[in-house]
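Chain by chain, the residues run as shown.
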Amino acid sequence: FINMVRDGRSVVTSKHVLNKSEYWVSPNQWVTDVKAGLQLEDHPQVITVRYEDLTSDYMKTLERICAFVDEPFTEREFKNYPETGKTLTMQHSSREPREVQKQSDDRWKAPEHREVVEELLSIPEAKRLLRHYDYLD
């Protein structure tokens, strides 16, 4: 099982694809979801991957995932993504595969998101989880 974790500040500032005035995930939902993954973190069949590790060192992170699932890692196989990717279904849009993007990692710093970020940071469990995954000092 691959448990993907992303900085909660980035998650709660993501806008809904069909309704740009609504946030996609509430602060409480992020806490609930991340806590569920944390409960399985030490299980031998679970690997936790931070989204930001994909955006900062894509190949190294994919190599780590391949080792976990006991599959050979060949850089060539991943270099041509998204050209080699296929979208089977996407309920919220019809976008084609695209490269992992770092541009939204710091979206939460924009003044327009201050209120929802403060809401997230006001939840003690959220701060604990953000620290656990090295998003806060």
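Scroll up to find the structure this text is about.
Residues numbered from 1 in each chain as written. Predicted model: local features only at pLDDT ≥ 70, side-chain atom pairs only at ≥ 80, totals over all residues. Heavy atoms only, no water.

Draft legend 1. The arrangement of the environment of His113 in detail. The topology assignment puts His113 in the loop between helix H5 (75-79) and helix H6 (114-121). With relative accessibility at 3%, the residue His113 sits in the buried group. Between the C-alpha atoms of His113 and Thr13, which are 100 residues apart in sequence, the distance is 6.2 Å. Ignoring sequence-local partners within four residues, the contact set of His113 consists of Thr13, Lys15, Tyr23, Arg107 and Trp108. (Helix = DSSP H or I, 4+ residues; strand = E, 2+ residues; numbered from the N terminus. Buried < 20%, exposed > 50% of the residue type's maximum accessible area, 1.4 Å probe, protein only. Contact = heavy atoms within 4.5 Å.)

Draft legend 2. The arrangement of H6 in detail. Within H6, the full set of buried residues consists of Val116, Val117 and Leu120. What you see down the axis of H6 is that its buried residues fit within an arc of 100 degrees, all on one side. Turned more than 90 degrees from where H6 packs its buried face, Arg114 and Glu115 sit exposed. Each element contacted by the buried residues of H6 is listed here: helix H1 (8-12), helix H2 (27-38) and helix H7 (124-132). (Arc of directions from axis to C-beta.)

Draft legend 3. Highlighting the nonpolar core. Counting residues in each nonpolar core, the largest one holds 19 residues, and the members touching the most others are Trp30, Val31, Leu120, Ala126, Leu129, Leu130 and Tyr133. Secondary structure elements with two or more residues in this core: H1, H2, H6 and H7. Top element by residues in this core is H2. It accounts for four residues. If we skip the residues at most four places from it in the chain, Trp30 touches Arg6, Asp7, Gly8, Val11, Val12, Val25, Leu120, Ala126, Leu129 and Leu130. (Core = buried A, V, L, I, M, F, W, Y, C linked by side-chain atoms within 4.5 Å.)

Draft legend 4. Spotlight on the side chain of Thr13. As for its position among the elements, Thr13 is in the loop between H1 and H2. For Thr13, a relative accessible area of 0% puts it in the buried group.

Draft legend 5. Structural detail: the environment of Met59. Examined against the element boundaries, Met59 turns out to sit in helix H4 (residues 58-68). Residue class for Met59 comes out buried when judged on its relative accessible area of 18%.

Draft legend 6. Examining the environment of Glu112 more closely. Along the chain, Glu112 falls in the loop between H5 and H6. Taking the C-alpha atoms as reference points, Glu112 and Thr13, separated by 99 residues in sequence, lie 9.2 Å from one another.

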